[in-house]
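Structural characterization, general
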Amino acid sequence: MGDVALRIENLTKEYKISKGERVRALDSLNLQVNAGTMFGLLGPQGAGKSTLLKILVGLSKPTKGRTLIFGREQRDWRTRARIGFLTQEPCFCDFLTGEELLLHTGRFFGIPPEESSKRAEELLSLVGLEEAKSRKIKDYSREMLQRIGIARALINDPELLLLDEPEAGLDPRNQKEIRGIITALSGRGKTILLTSSHLVETGSICDSVAIIYQGRVTRRGRLTELLRKGEGKKVTFRIEKKGVLNTINASYRSEEANGQITVHVPHQKACDEIISTVLSRGGSIIRVEDEQLSLEEIYQEEILRETHV
Amino acid sequence: MAKVTCRETLRKKPLIILFIASLIFIGSAQLFFLLKAGIPLKTMQAVWLKSLIGFSTLLAVYLGACLLFAEEGKNKLYSLLSLPVRRGEIVIGKFIGGAVALLLLLLLMGIVFIAVTGLKQFSSLLIWQAVLLASWEMLLVFSLSLMLSTLATPLLNISLSLFVSLAGNISASLKFLGNQIDNLVVSFLAKIFYYFVPHLHRFDITSNVIAGEEVTFSLIWKDLAYGFYYMALFLTIGIILFSRKEL
């Protein structure tokens, strides 16, 4: 459990978008995933999650920094033999059947046909596609594609499994089933790095998570630690000067009712700052309460704070 | 991968439509000649060869343009490139698979020709040599188009490949034009094209077929070696570009 499966050091990725203009998708990102754990990289669309996974599987090159997979530089193409990857919105040769796809993928890993066939059977059963194994992929539904994609990513029995938004585009029932499959894989001792914008649902199945926003990890840790950090405060006050309210609102989630304003803050320091601002502008504090933030709320607070920094 | 590419190629609808169009054209043209008495055998062969070169070029250009960056977008490529395989191997695999598929289509064009006109059309060595060189030209154009697909959109790729194919087929005239014309710019451009574009006219010996002039084996070997050199060059450039490409 203590071994490091994946180490990302100071990873930066910039894209040229037009003459001289560059956009930074990843910004000096540091991350570590321990072997045998399930790590959730959570963040909104465009946060840099897919870019990171693309770098990890060699689809894209970093501008700066390095990634080590089981202590080996990712740039070495042979490292990919130890990785299983499911891309967002998977797309395969649609004239192959599900079983053929797995056997075809097995060849790239040098797996003997008999062994490959045996593994394909097991995996099709794991992802619940035994019935559809002889059906052509072009006849698969979105959810079946996701399932066959997971099976394909597992054909080489990878030590590290990278799943890019495995639940994207699925209805809640299928999302739950896919999460069930991923949890079962984690139980088999696989190291899993999955990305998602479904904070609560995905976060709840991970051993640890990191929140990524604008290419930077804003928070990381075990889920329980993050939730502990989420012991926030709720400050309710009354104030006449609207200008002050705007600056507070810009940073934190707030609501207004019956002339009273309630602001939710993630920690004591922020709470003290608000109290000080309100009092200095002639306002009055009505009450201060403790508040347990959910992961979703922590995430929203982070995003709001990052947006207005 | 080559096997899957070959299967994938033979399922591409635009390619199949183009191929069927070529069969209809070849079959009907030959049928017309048969019904119209007095058309010499060599003329029929020449028309077939020209159709073969033209259609095979179109098939090769289209296939090269869409094989790496298919209509499904990049996701298919992501799945492939995440496997422990070098990008160069993917280019080579795609080339081999595509080449086998193209040769199969060419074979079918030959079968249709024989079915309409009979086996006697293939009685001379010259026609076999012409078919061999036409196949080689097709593979060369395919490698060019595959290389261009690593840096251009399919539409631009098709336009460029067709332009180079055309220029390559008239490259002998380009040199002549470059020497004769007074306009410096046109003369310069004609010379540039002459020296940088593969001389595809070397692979078209239709005039020899019409005139019944034998082509020596040494000349055939030279042409094959020339074509191989360009194929290797285009594929090498393609591999380098594809290996550096950000996806």
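Counting starts from 1 at the beginning of each chain's written sequence and moves along it residue by residue. To label them, take the chains in the order written and letter them from A, then take the ligands in the order written and number them from 1. With pLDDT at 70 or above as the cut-off, local features in this predicted model cover only qualifying residues; side-chain atom pairs require 80 or more to be listed or tallied, and sums for whole chains, interfaces and linings still use all residues. Side-chain numbers come from the whole structure's heavy atoms, not from hydrogens or water.

Once that is clear, we can look at the overall build of chain A. Secondary structure follows DSSP: runs of H or I at least 4 residues long count as helices, runs of E at least 2 residues long count as strands, and numbering of each begins at the N terminus. Of regular secondary structure, chain A possesses 10 helices and 14 strands. Of all 309 residues assigned to chain A, the portion counted as buried reaches 52%. Residues count as neighbours in contact if any of their non-hydrogen atoms are within 4.5 Å of one another. Across chain A, contacts joining residues at least 24 apart in sequence account for 70% of those joining residues at least 6 apart. Carbon and sulfur atoms form 46% of the exposed surface of chain A, whose accessible area is close to 14000 Å². Residue exposure (1.4 Å probe, protein chains only): buried if accessible area is under 20% of the type maximum, exposed if over 50%, otherwise partly exposed. Note on areas: these come from Shrake-Rupley sampling with a 1.4 Å probe, and a residue is covered only by the protein chains present in the view.

Now for helix α7 (residues 154-169) of chain B. All names here are of chain B. Taking 1.5 Å per residue as the helical rise, α7 with its 16 residues ought to reach 22 Å, and the 22 Å between its terminal C-alpha atoms agrees with that figure. Those residues of α7 that fall on the buried side of the exposure criterion are Asn157, Ser161, Val164, Ser165, Ala167 and Gly168. Angularly, the buried residues of α7 cover 165° about the axis, an arc narrow enough to put them on a single face. Turned more than 90 degrees from where α7 packs its buried face, Leu155 and Leu166 sit exposed. Multiply 1.5 Å by the residue count of a helix minus one, and that product is the helix's expected span. Of all possible arcs, the one meant is that of the directions from the helix axis to the C-beta atoms.

Residue and element names in this part refer to chain A. Two strands are counted as paired when DSSP detects at least two bridges linking them. If you trace the six strands from one edge of the open sheet to the other, you get β6-β7-β8-β3-β9-β10, paired in mixed fashion. The sheet terminates laterally at β6 (83-86) and β10 (216-222), the two strands that pair on one side only. Adjacent strand axes in the sheet meet at a mean angle of 15°, parallel and antiparallel pairs treated alike. As paired elements, β6 and strand β7 (residues 160-164) share four bridges and run parallel to each other. Residue pairing across strands places Gly84 opposite Leu161, the latter belonging to β7. Here helix α4 (residues 142-154) sits on the sheet in contact with β6 and β7, set at roughly 165° to β6. Axes here mean lines fitted to C-alpha atoms, for a helix over just the part in contact, with angles spanning 0 to 180 degrees between N-to-C directions.

Let us now look at the packing of aromatic side chains. Residue and element names in this part refer to chain B. When the centres of two rings from Phe, Tyr and Trp lie within 6.5 Å, Trp using its six-membered ring, the rings pair. Their planes under 30 degrees apart give stacked, over 60 give edge-to-face, and anything left gives tilted. Within this structure, the stated rule accounts for eight aromatic pairs over all chains. Seen from their ring centres, Phe25 and Phe55 are 5.7 Å apart, and the 55° between their planes marks the pair as tilted. Of this pair, Phe25 sits in helix α2 (residues 13-35) while Phe55 sits in helix α3 (residues 41-67), placing them 30 residues apart in sequence. Residue Phe55 is classed as buried on the basis of its relative accessible area, which comes to 16%. Between Tyr230 and Phe234, the ring centres sit 5.7 Å apart and the planes meet at 45°, which makes this aromatic pair tilted.

Residues and elements named next belong to chain A. Read across the sheet, four strands follow the order β2-β1-β4-β5 without closing on themselves; strand pairing throughout is antiparallel. Where the open sheet ends on each side, the last strands, each with one partner, are β2 (21-34) and β5 (72-73). Sheet analysis places strand β4 (residues 64-69) next to β5, joined by two bridges and oriented antiparallel. When the bridges of β5 are listed, Ile69 appears paired with Arg72. Each of β1 (4-18), β2 and β4 touches helix α1 (residues 49-56); the most contacted strand, β1, lies at about 115° to it.

Exposure above 30% relative accessible area and no salt bridge define the residues that can form patches, which grow by joining like charges within 9 Å and nonpolar side chains of Val, Leu, Ile, Met, Phe, Trp and Tyr within 5 Å. Salt bridge, as used here, is a side-chain nitrogen of Lys or Arg placed within 4 Å of a carboxyl oxygen of Asp or Glu. Note that His is not counted, nor are the chain ends; the positive residues are Lys and Arg, and the negative ones are Asp and Glu. Think of each charge as sitting on NZ of Lys, CZ of Arg, CG of Asp or CD of Glu. The grouping of A:Lys136, A:Lys138, B:Arg11 and B:Lys13 at the surface amounts to a positive patch. Relative to the elements of secondary structure, B:Lys13 occurs in helix α2. With relative accessibility at 66%, the residue B:Lys13 sits in the exposed group.

Residues and elements named next belong to chain B. The predictor rates its confidence in each residue with pLDDT, a number between 0 and 100. Taken residue by residue, chain B gives an average pLDDT of 86. The fraction at 70 or more is 98%. When mean pLDDT is taken per element in chain B, helix α11 (residues 217-244) scores highest with 94 and helix α8 (residues 171-180) scores lowest with 77. In the model output, the complex is listed with pTM 0.79 alongside ipTM 0.74.

Here we take up the domain arrangement of chain A. Note: interface size is frequently given as the accessible area lost on complex formation between the parts. Considered domain by domain, chain A is made up of domain 1 (4-226) and domain 2 (229-292). For each domain, the first and last residues come from an automatic or database assignment. Relative placement of domain 1 of chain A and domain 2 of chain A: their C-alpha centres are 41 Å apart.

Here we come to the interface of chain A and chain B. Contacts between chain A and chain B engage 26 residues on the former and 23 residues on the latter. Carbon and sulfur atoms make up 58% of the area that chain A and chain B hide from each other, which totals about 2400 Å². Throughout, the accessible surface (probe 1.4 Å) given up by two parts as they are put together, summed over both, is called the buried area. When the buried area of chain A at its contact with chain B is split by residue, A:Leu59, A:Phe95 and A:Phe108 rank highest and sum to 29% of it. Counting every contact that joins chain A to chain B gives one salt bridge. Measuring nitrogen to oxygen at the nearest pair gives 3.0 Å for the salt bridge that ties B:Glu246 to A:Lys13. Whenever two N or O atoms come within 3.5 Å, that pair is a polar contact, provided that in protein one can donate a hydrogen and the other can accept it, and provided that, for residues adjacent in sequence, both atoms are side-chain atoms. Our count for the contact surface shared by chain A and chain B stands at 12 residue pairs in polar contact (both at pLDDT 80 or more). If you list the elements that add at least two residues to the side of chain A that touches chain B, you get β1 and α2 (98-108) of chain A. Considering only residue class, the side of chain A that touches chain B consists of 13 nonpolar, six polar and seven charged. Three classes are used, and their members are as follows: Ala, Val, Leu, Ile, Met, Phe, Trp, Tyr, Cys and Pro are nonpolar, Asp, Glu, Lys and Arg are charged, and the others, Gly among them, are polar.

What follows deals with the layout of surface pockets. With a probe scaled to a water molecule rolled over the atoms, the places where space remains empty come into view. All names here are of chain A. Space inside and on the surface of the protein is sampled on a 1 Å grid over the protein atoms alone, with a cavity defined as a set of points where a 1.4 Å probe fits but cannot get out and a pocket as an open set with protein on both sides within 12 Å along at least 5 of 7 lines; lining residues have an atom within 4 Å of a point. Grid points are joined across faces, edges and corners, and a volume is the space filled by probe spheres set on the points. The computed volume of the largest pocket comes to approximately 440 Å³. Every residue lining the largest pocket is counted, 20 residues in all, and those nearest its centre are Gly58, Lys61, Gln74, Arg75 and Arg80. If you tally residues by element for the lining of the largest pocket, the top one is β4, at three residues. Looking at the lining of the largest pocket residue by residue, the classes come out as six nonpolar, six polar and eight charged.

Residue and element names in this part refer to chain A. A complete count under the given rule lists 23 salt bridges over all chains for this structure. In this structure, Arg7 engages Glu9 in a salt bridge whose closest nitrogen and oxygen atoms are separated by 3.9 Å. Judged by relative accessible area, Glu9 falls into the partly exposed class, the value being 26%. A single salt-bridge network, built from bridges that share partners, covers Glu14, Arg22, Arg24, Asp27 and Arg216.

A few words on the pairing of β1(A). Residue and element names in this part refer to chain A. Note: β1 against β2, 10 bridges, orientation antiparallel. Along β2, the bridge assignment pairs Val4 with Asn34. Two successive antiparallel strands, β1 and β2, enclose a turn made up of two residues, where Gly20 displays a positive phi of approximately 75°. Two strands pair when backbone bridges link them, and β1 and β4 are joined in this way by five bridges, in the antiparallel orientation. Bridge assignment links Glu9 to a residue of β4, and that residue is Arg66.

Turning next to empty space enclosed by the protein. Taken as a whole, this structure holds two cavities of 30 Å³ or more when the rule is applied. Roughly 250 Å³ of internal volume is contained in the largest cavity. Lining the largest cavity are 22 residues, and of these A:Cys93, B:Glu8, B:Lys76, B:Leu80 and B:Lys94 lie nearest its centre. For the lining of the largest cavity, the elements supplying multiple residues, two or more each, are α2 of chain A together with α1 (2-9) and α4 (75-81) of chain B. Residues that form the lining of the largest cavity fall into these classes: 13 nonpolar, five polar and four charged. Roughly 50 Å³ of volume is contained in the second largest cavity. As for the second largest cavity, its lining consists of A:Ile83, A:Gly84, A:Phe85, A:Phe109, A:Arg152, A:Ala153, A:Asn156, B:Ser82 and B:Leu83. Secondary structure elements with two or more residues in the lining of the second largest cavity: β6 and α4 of chain A. The leading source of residues in the lining of the second largest cavity is β6(A), at three residues. Here the lining of the second largest cavity is composed, by residue class, of five nonpolar, three polar and one charged.

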